[in-house]
Amino acid sequence: MPTDDLPETLHVTTDEQLRAVANLTRHRIMAVLRFEPATITQIAERVGLAKGSSSYHVRLLERAGLVKVVRTRKVRGVTERYYAMAARTIVVPDPGEGGPDVLMRHAVADLEAAPADAARHVRMAHLRLTDEQFTELGARLQALADEYRELSDPSLPDASLVFALFHPAPRRHPEGDAK
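A brief structural summary. (Residues numbered from 1 in each chain as written. Predicted model: local features only at pLDDT ≥ 70, side-chain atom pairs only at ≥ 80, totals over all residues. Heavy atoms only, no water.)

Turning our attention to the overall build of the chain. When helices and strands are tallied, the chain shows 6 helices and 4 strands. In the chain, the succession of α and β elements from N to C terminus is β-α-α-α-α-β-β-β-α-α. Along the first, second and third principal axes, the C-alpha set of the chain runs to 75 × 35 × 35 Å. Sorting the 179 residues of the chain into buried and exposed places 21% on the buried side. By sequence separation, contacts in the chain at least 24 residues apart represent 61% of the contacts at least 6 residues apart. As displayed, the chain offers around 13,200 Å² of accessible surface, 52% of which is attributable to carbon and sulfur atoms. (Helix = DSSP H or I, 4+ residues; strand = E, 2+ residues; numbered from the N terminus. Buried < 20%, exposed > 50% of the residue type's maximum accessible area, 1.4 Å probe, protein only. Contact = heavy atoms within 4.5 Å. Areas by Shrake-Rupley, 256 points an atom, 1.4 Å probe, with all protein chains shown as cover.)

Let us look at the environment of Pro 7. Along the chain, Pro 7 falls in the segment before strand 1 (9–11). Other than its neighbours up to four places away in sequence, Pro 7 contacts Ala 86, Ala 87 and Arg 88.

So, on to a nonpolar patch on the surface. Among the surface-exposed residues, Leu 144, Tyr 148 and Leu 151 lie close enough to one another that they form a single nonpolar patch of about 330 Å² accessible area. Along the chain, Leu 151 turns up in helix 6 (residues 131–151). Residue class for Leu 151 comes out exposed when judged on its relative accessible area of 57%. (Patch = residues over 30% accessible without salt bridge, like charges linked within 9 Å, V, L, I, M, F, W, Y side chains within 5 Å. Salt bridge = Lys/Arg side-chain N within 4 Å of Asp/Glu carboxyl O.)

Inspection of every chain in the model, using the stated rule, returns 6 salt bridges. In this structure, Glu 8 and Arg 88 form a salt bridge, with 3.3 Å as the shortest nitrogen-oxygen distance. Taken together, the positions of Glu 8 in the segment before strand 1 and Arg 88 in the loop between strand 3 (78–85) and strand 4 (89–91) put the pair 80 residues apart, joining distant regions of the chain. With a shortest N-O distance of 2.7 Å, Glu 80 and Arg 73 are connected by a salt bridge. By sharing partners, the salt bridges in this structure join Glu 8, Arg 88, Arg 149 and Glu 150 into a single network.

With 21 residues, the main nonpolar core has Leu 33, Leu 66 and Val 67 as its most contacted residues. Taken together, the elements giving at least two residues each to this core come down to helix 1 (15–22), helix 2 (24–32), helix 3 (40–47), helix 4 (51–63) and strand 3. No other element matches helix 2, which puts 3 residues into this core. (Core = buried A, V, L, I, M, F, W, Y, C linked by side-chain atoms within 4.5 Å.)

The next thing to look at is the pairing of strand 3. Sheet faces and side chains relate simply in a regular strand, where the side chains alternate between the two faces. Where strand 2 (residues 67–75) meets strand 3, 8 bridges bridge the pair, whose relative direction is antiparallel. Residue Lys 68 lies in a different strand from strand 3, and its bridge partner there is Ala 84. (Pairing = 2+ DSSP bridges.)

All we've got here are geometric facts, nothing functional implied.
So this is what it looks like as C-alpha cells:
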C-alpha cells in the first residue's frame, strides 16, 4: 500500500495512544512501517525481536489505532497480515512544562544505538532570535523536513532527522548573584 493512500495526519489524543507511542520498541516498529507495509516476521527481523514480542507490540499499536492491516495473503495455510502506519504523520501532543518529550527521548535512544562508524550530523546551536526569526526558522526547518520526506525512497537506508527549536527555561540566579 503506497503511503499516498494514508491520511496525512493522526493526532495522538487518548491515553492508550500515548502509552503506545511512549514505548521505544513500538517507536522502532512504527519506524519500520514508515514507508512500507511489513508482516510480523519482517518487523521482528528488522527490529531484532522475537516474533511473539513483535506480535504483542504490533497488536497494542493496532488497538491504539496507530497501525492497521492493509492486506492479507495465505501462505502455507496461514494468513499473513501486512501492517502499515495509520497515517503519514503521527502528531504527539506537547508534553507541557517539565513533562518528558517522548519524541526527543526516542531520537536520543536511536542516535545512541546507531553504529558509531556510521555517517551522522549532530549539532547544537544557541541562538538569539526575534519572535519573527524564531517563527521563520521553525517554518523553514519544517518545510525542509517535508521536502526531504517527499523525496524518501523506501529502497534506501533509513535516515532520521530530528530538530527541536525552543526557548529554554529561564536560568535562575541564586539570590545575591549579579547578572
